[in-house]
Amino acid sequence: MKTLDFEQLFESKLANGEMIEPKDWMPENYRKHNIRQISQHAHSEIVGMLPEGNWITRAPSLRRKLVLLAKVQDEGGHGLYLYTAAESMGISRDELLDALHTGKAKYSSIFNYPTLTWADVPAIGWLVDGAAIMNQVMLQRTSYGPYSRAMIRICKEESFHQRQGYEGMCALAFGTPDQKKMAQDALNRFWFPTLMMFGPPDKESPNSENALKWRIKRETNDELRQKFVNQTVPQIDYLGLDYPTNSGIKWNEAKQEYDFNEPDWVEFKNVISGNGPCNKERIEARVKAHNNGAWVRAAAAAYAEKQKQKSVAA
Ligand code: 3HC
């Protein structure tokens with residue numbers, strides 16, 4: 001087949017809502033776009049283990065500790081599915097991790113903020129995982145097959161994370177006055193960074209046009225941010241917490257949605273350029289974990305080699 005025919009086949013698959021699979025012909029830019037997004041997503045999952053992992057040893061009860069351990073392990077698993085999906089596009093795990101460790105690859109801005117009190121753990125489950133699902137539900141139908149299939153399982157686990165987070169927020173918000181104060185403080189600090197997770201406003205989002213054309217993304221950054229606010233404000237009301245300072249949250253009767261203030265996009269740009277409060281610490285922790293795991297990778301490779309030799313000899 002000529003490139004033109006391949007291109008027509010690719011376009012017709014997209015038009016018919018069919019998936020693009022690893023062995024299918026695809027435009028080079030489609031491949032690059034997916035590698036960029038899937039690997040950033042994978043990095044976000046494994047860097048995202050750090051802020052909450054920070055509280056595992058200080059969880060307030062055995063039950064909270066078990067739930068938190070399970071959640072942090074789930075995020076590690078999400079990273080693995082996503083790295084595998086990215087590898088199926090012809091890039092190696094080593095190249096992907098090297099980009100993370102040398103600061104060339106991005107990961108979600110949200111994980112560059114510190115977790116200062118226990119209330120940050122449920123607040124992350126509720127807000128951060130809540131925002132992640134809002135964005136990721138559409139990715140279950142993204143056009144690249146391995147990414148889409150990974151997202152189906154990830155979304156199931158993320159909804160459990162969101163529920164456990166909200167349950168933890170309820171425990172604090174309906175608890176003692178000091179606990180309620182902690183919950184309010186966590187909401188205040190995580191509100192704007194959570195809104196940034198959806199990416200810059202549509203008019204300043206260089207990747208959205210291709211992402212929508214190729215059905216990698218199915219909704220825009222601003223559409224998803226608005227949906228998240230509409231879903232979350234009634235949950236703040238139920239908790240009996242105040243809206244975060246300067247959030248500008250107000251019901252708009254004409255539009256039947258909440259108005260809200262945009263986050264500080266200058267701060268966002270700083271954070272994604274490596275200058276957020278915890279960027280340096282996060283990368284150092286990932287590099288250290290990677291180096292400490294070298295013996296595990298070597299042992300697994302030696303075992304695989306031995307099994308291969310056995311099967312050749314048999
Ligand atoms: N954090 C860091 N970088 C971000 C960002 C954020 N919140 N939002 C946007 N950016 C970056 C983009 O990566 C892009 O940089 P690049 O061109 O150098 O790669 C630039 O800012 C411009 O943004 P665009 O809107 O043009 O980028 P996208 O079209 O890719 O949209 C996105 C950004 C909505 C995050 C999209 O990439 C996406 O949907 N990604 C998949 C989902 C994902 O990665 N989620 C991470 C959330 S955390 C998570 O899942 C862990 C869970 O356990 C909570």
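Above this text is the structure in question.
Novice: What exactly am I supposed to notice about unusual backbone geometry here?
Specialist: Excluding glycine, most residues fall at negative phi; most peptide bonds, likewise, are trans. Notably, Arg215 is not glycine yet its phi reads approximately 55 degrees, a positive angle. Mapped onto the secondary structure, Arg215 falls in the loop between helix H9 (208–213) and helix H10 (221–239). The class for Arg215 is buried, based on a relative accessible area of 15%. Positive phi, normally seen in glycine, also occurs at Gln256, with a value near 55 degrees. Residue placement: Gln256 occurs in the loop between strand E1 (250–252) and strand E2 (257–259).

Novice: Is there a simple way to think about empty space enclosed by the protein in this case?
Specialist: Rolled over the atoms, a probe sized like a water molecule indicates the empty space that remains. Applying the stated rule across the entire model yields two cavities of 30 Å³ or more. What the largest cavity holds in volume is close to 60 Å³. Lining the largest cavity are Arg63, Arg64, Val67, Leu68, Trp118, Val121, Pro122, Gln164 and Gly168. Of all the secondary-structure elements, those providing two or more residues to the lining of the largest cavity are helix H4 (62–87), helix H6 (120–139) and helix H7 (145–173).

Novice: Looking at this model, I keep getting lost on the pattern of salt bridges. Mind explaining?
Specialist: Side chains that carry opposite charge are capable of pairing whenever their charged atoms lie near each other. In total, this model carries 17 salt bridges according to the counting rule given. Residues Lys71 and Asp129 are paired through a salt bridge, measuring 3.1 Å at the closest nitrogen-oxygen approach. Residue Lys71 is found in helix H4, and its partner Asp129 is found in helix H6; the two are separated by 58 residues along the sequence. Lys71 sits in the buried class, given a relative accessible area of 1%. Relative accessible area serves as the criterion here: at 3%, Asp129 is assigned to the buried category. In this structure, Asp222 and Arg225 form a salt bridge, with 2.8 Å as the shortest nitrogen-oxygen distance. Here Asp222 and its partner Arg225 are both found in helix H10, three residues apart, which amounts to about one turn of the helix. Overlapping salt bridges, with partners in common, bring together Glu52, Lys71, Glu75 and Asp129 in one network.

Novice: Sorry if this is basic, but what is going on with the site of the ligand here?
Specialist: Neighbouring the ligand are 31 residues; Gln40, Glu75, Lys106, Ser205 and Lys217 lie closest to it. Within the complex, 90% of the 1000 Å² of free accessible area of the ligand lies under protein. When atoms are counted within 2 Å of each cavity's grid points, the one that captures over half of the ligand is the largest pocket. For the shell around the ligand, the elements supplying multiple residues, two or more each, are helix H2 (28–47), H6, H7 and helix H11 (265–275). Of the residues forming the shell around the ligand, the biggest block, six residues, is contributed by H2.

Novice: Hey, could you run me through the packing of aromatic side chains in this one?
Specialist: Aromatic rings in a pair are described by how distant their centres are and how their planes are angled relative to each other. Counted by the stated rule, this structure contains 11 aromatic pairs. Aromatic side chains Phe174 and Tyr238 sit 5.7 Å apart centroid to centroid with 90 degrees between the ring planes, which places their arrangement in the edge-to-face category. With Phe174 in the loop between H7 and helix H8 (177–196) and Tyr238 in helix H10, this pair connects stretches of sequence that are 64 residues apart. The class for Phe174 is partly exposed, based on a relative accessible area of 49%. Tyr238 sits in the exposed class, given a relative accessible area of 55%. Both rings, one in Phe198 and one in Phe228, keep their centres 5.6 Å apart while their planes meet at 45 degrees; by these two values the pair is tilted.

Novice: Looking at this structure, I do not really get the environment of His161. What am I missing?
Specialist: For His161, the location among the structural elements is in helix H7. With relative accessibility at 0%, the residue His161 sits in the buried group. Distance from His161 to Gln73, taken between C-alpha atoms, is 11 Å for residues 88 residues apart in sequence. Residue contacts for His161: discarding those within four places in its chain leaves Lys71, Asp74, Glu75, His78, Gly125 and Asp129.

Rules and cut-offs
Per chain, the residues get numbers from 1 upward, laid out in the order the sequence is written. Local features in this predicted model are restricted to residues whose pLDDT is 70 or higher, and side-chain atom pairs enter the listing and the counts only when it is 80 or higher, whereas totals over whole chains, interfaces and linings include all residues. Side-chain metrics rest on all non-hydrogen atoms present in the structure, leaving aside hydrogens and water. To qualify as a helix, a DSSP run of H or I must reach at least 4 residues; to qualify as a strand, a run of E must reach at least 2; elements of each kind are numbered from the N terminus. For every residue, the accessible area obtained with a 1.4 Å probe (protein chains only) is divided by the maximum for its type, and the residue is called buried under 20%, exposed over 50%, and partly exposed between those limits. Detection works on a 1 Å grid of protein atoms alone, calling trapped sets that fit a 1.4 Å probe cavities and calling open sets with protein on both sides within 12 Å along at least five of seven lines pockets, with lining residues defined by an atom within 4 Å of a point. Grid points are joined across faces, edges and corners, and a volume is the space filled by probe spheres set on the points. Salt bridges are identified by distance alone: a Lys or Arg side-chain nitrogen within 4 Å of an Asp or Glu carboxyl oxygen. Definition of nearness: a residue and a molecule or strand are near each other if at least one heavy atom of the residue lies within 4 Å of the molecule or strand. What sets the accessible areas is the Shrake-Rupley method with a 1.4 Å probe; for residues, cover comes only from the shown protein chains. Criterion for pocket placement: a molecule counts as inside a cavity or pocket if more than half of its atoms are within 2 Å of its grid points. To pair, rings of Phe, Tyr and Trp, with the six-membered ring standing in for Trp, must have centres within 6.5 Å; the planes then decide the type, stacked if under 30 degrees apart, edge-to-face if over 60, and tilted in the middle. Should any heavy atoms of two residues lie within 4.5 Å, those residues are considered in contact.

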